[in-house]
Amino acid sequence: DAAGIGPEIIAKAFLTAPMKTAGCFVVGDVATLRRAAALVTGKGPTLPVAELTRMQDVMQCPVRCIPVLQIETSCPSDAVPVPFGQLSARAGQMAGDCLVWAANAALRGEVAALVTAPLNKAALSLAGGVHAAFPGHTEMLQSLAATHAGTSLGQMPVRMMLANDELRVVLVSIHVSLRDALAAVTFDNVLQSLMITHHSLQAILGRTPKIGVAGLNPHAGEGGLFGQEELEVIMPAVAAARAQGASVSAPLAPDTVFMRARHQAGHVGEFDVVLAMYHDQGLIPVKYLGVEKGVNVTLGLPLVRTSPDHGTAFDIAGSGRADASSLIEAIRMAKQLSDA
């Protein structure tokens, strides 16, 4: 979203991490990126923005230069950038159009990976049309991938993984209400989540991953005293995943499983990844360890997609205070996954 901190952290990434951004280019608006470049450099050295006519030309760009491929139909290069910090249908339309272009390029194999900067879900909805049909990046990418493959959404299941150097977490459900998230804890959804996690992490790690499973209820149900979901839903899905070759724990108390999985200096966690039953159960532990370190990885897509673990931060957009660390980590991880 051009009204948020996305352009600023992109500019900071190209300025401060030239080796990690080598070979990367921006699908977006040239005027918006030039404003961001001026913002992050201030009175210091300039940060040039090069408008690409072909994506292949990115390899000719020097370090500390932002190559931008302008999407002419939606983001005219002579347009005044959208105001900072203001919800805008135009910004939502631009962001959605850029995402569609980049996703299709990745699906066609024209780029190795896709890193998405923060998108504002309300702006996407204001844009109307096809963009308003999706609550965020992940759901739009899932739809585009299904269309590209000529299949249904049900045949293109995806899951969100949040990762940093200490902890990986995969979610059974993503952007739904808590009431709907509880209803989504079904045998099929849990089993599907386990197998997507198993196959994706196996490809990344080069071995069978150890998956810890968070229970839904306090103390993982305490043998049925605090709920039956662990006994009637989660454990049968665990057994089915084990039968398919996955290394999966029984449902564990959600207030301790993340600590057991945490990797620290001199201490290897018990699990490579934790399957959380709903959004906040899994994301609070990861974000507590440091939003600036977190990376969002979409599992199950026929392309590599990562993103920073934060939103558009309209309250500080244009101030120059945004931290690019999570975006830089997302770029690093995208390159790593594309080589896996």
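Above this note sits the structure.
Computed from a predicted model, the values in this text were never measured in an experiment. Residue positions are given per chain, counting from 1 as you read along its sequence in written order. It should be noted that, the model being predicted, local features are given only for residues of pLDDT at least 70 and side-chain atom pairs only at 80 or more, the latter also being counted only at that level, while totals for whole chains, interfaces and linings use all residues. Note that water and hydrogens are dropped before the side-chain values are worked out from all heavy atoms of the structure.

Caption draft 1: Quick look at the overall build of the protein chain. Segments assigned H or I by DSSP are reported as helices when at least four residues long, segments assigned E as strands when at least two residues long, and all are numbered from the N terminus. Counting its secondary structure elements, the protein chain contains 12 helices and 11 strands. It is over C-alpha atoms that the radius of gyration is taken, and the globule rule equals 2.2 Å times the number of residues to the power 0.38. The C-alpha atoms of the protein chain give a radius of gyration of 21 Å, which matches the 20 Å a tight globule of 340 residues would have. With the C-alpha coordinates of the protein chain rotated into their principal frame, the extents come out at 65 × 45 × 35 Å. When contacts within the protein chain are restricted to residue pairs at least 6 apart in sequence, those whose partners lie at least 24 apart make up 69%. Here the protein chain displays about 14700 Å² of accessible surface, and carbon together with sulfur accounts for 56% of that area. Taking the 24 positively charged and 28 negatively charged side chains of the protein chain as two groups, their mean positions are separated by 6 Å. What makes two residues a contact is simply this: any of their non-hydrogen atoms within 4.5 Å. Accessible areas in this description were obtained via Shrake-Rupley with a 1.4 Å probe; residue shielding takes into account the shown protein chains only. Positive charge is attributed to Lys and Arg, negative charge to Asp and Glu, and no charge count is given to His or to the chain ends. To locate a charge, the coordinates of NZ of Lys, CZ of Arg, CG of Asp or CD of Glu are taken.

Caption draft 2: Spatial organisation of unusual backbone geometry. The backbone phi angle of Arg-64 is positive, close to 55 degrees, even though this residue is not glycine. Among the secondary structure elements, Arg-64 is positioned in the loop between strand 2 (49-52) and strand 3 (66-70). The residue His-219 is not glycine, and still its phi comes out positive at about 60 degrees. Take His-219: it is sitting in the loop between strand 7 (210-214) and helix 9 (229-243).

Caption draft 3: Expanded view of the sheet that holds strand 3. DSSP-based pairing: two strands are paired if at least 2 bridges between them are found. Read from one edge of the open sheet, three strands run 1-3-2, paired in parallel fashion. Unpaired on one side and paired on the other, strand 1 (26-28) and strand 2 mark the two borders of the sheet. Ignoring which end each strand starts from, the neighbouring axes of this sheet average 40 degrees apart. For strand 1 and strand 3, the ladder comprises three bridges, and the chain directions are parallel. Looking across to strand 3, one finds that Val-27 is bridged to Leu-69. Here an angle of 0 to 180 degrees is reported between the N-to-C directions of two axes, which are lines fitted to C-alpha atoms, with helices fitted over the stretch in contact.

Caption draft 4: Seen up close, the sheet that holds strand 9 (residues 273-276). Strand order in this open sheet of eight strands is 4-11-10-5-6-9-7-8, and the pairing throughout is mixed. The open sheet is flanked by strand 4 (114-115) and strand 8 (247-252), the only strands paired with a single partner. Two elements, strand 7 and strand 8, share four bridges in a ladder whose sense is parallel. Bridging across to strand 8, Val-213 finds its partner in Pro-251.

Caption draft 5: Local environment of the packing of helix 1 (residues 6-16) against helix 3 (residues 30-41). Two elements in contact, helix 1 and helix 3, have axes whose closest approach is 8 Å; the angle formed by their N-to-C orientations is 65 degrees. For the pair helix 1 and helix 3, the crossing hand works out as right-handed. Between helix 1, through Pro-7, Glu-8, Ile-10, Ala-11, Lys-12 and Leu-15, and helix 3, the contact on the second element is made entirely by Thr-32, Leu-33, Ala-36, Ala-37, Leu-39, Val-40 and Thr-41. Looking at side-chain class alone, the contact of helix 1 with helix 3 contains nine nonpolar, two polar and two charged residues. Left-handed describes a crossing in which the near helix is turned anticlockwise from the far one by less than a right angle; the clockwise case is right-handed. Think of it as three bins: nonpolar holds Ala, Val, Leu, Ile, Met, Phe, Trp, Tyr, Cys and Pro, charged holds Asp, Glu, Lys and Arg, and polar takes everything else, Gly as well.

Caption draft 6: Structural view of helix 8 (residues 187-205). With 19 residues, helix 8 extends 26 Å from end C-alpha to end C-alpha; this agrees with the ideal 27 Å at 1.5 Å per step. Remark: exposure states derive from per-residue accessible area (1.4 Å probe, protein chains only) relative to the maximum for the residue type, with buried under 20%, exposed over 50%, and partly exposed in between. Regarding helix 8, the residues found buried are Val-190, Leu-191, Ser-193, Leu-194, Met-195, Ile-196, Thr-197, His-198, Ser-200 and Leu-201. Just downstream of helix 8, Gly-206 is the residue with a positive phi angle, here 75 degrees. Take the number of residues in a helix, subtract one, and multiply by 1.5 Å to get its expected span.

Caption draft 7: Structural context of helix 6 (residues 137-149). Over its 13 residues, helix 6 runs 18 Å from end to end, which matches the ideal 18 Å to within 8%, given 1.5 Å per residue. Of all 13 residues in helix 6, 10 are buried, a share of seventy percent or more. Of all the positions in helix 6, only His-137, Thr-138, Glu-139, Met-140, Leu-141, Gln-142, Ser-143, Leu-144, Ala-145 and Ala-146 are classed as buried. Buried residues along helix 6 sit in contact with helix 4 (89-107), strand 4, helix 5 (121-126), strand 5 (159-163), strand 10 (295-299) and strand 11 (305-308). Remark: Gly-150 follows helix 6 within two positions and exhibits a positive phi of approximately 70 degrees.

Caption draft 8: Structural detail: the environment of Gly-320. With respect to the helices and strands, Gly-320 occurs in the loop between strand 11 and helix 12 (325-339). Judged by its relative accessible area of 28%, Gly-320 is partly exposed. Taking C-alpha positions, Gly-320 is 27 Å from Lys-335, a pair spaced 15 residues apart along the chain. Look past the residues within four positions of Gly-320 in its chain and what remains in contact with it is Glu-8, Lys-12 and Leu-39.

Caption draft 9: Layout of the pairing of strand 6 (residues 168-171). Two strands pair when backbone bridges link them, and strand 5 and strand 6 are joined in this way by three bridges, in the antiparallel orientation. Looking across to strand 6, one finds that Ala-163 is bridged to Arg-168. Between strand 5 and strand 6, which follow one another and run antiparallel, lie four residues. As paired strands, strand 6 and strand 9 are joined by three bridges and run parallel to one another. Within strand 9, the position partnered with Leu-171 by the bridge is Ala-276.

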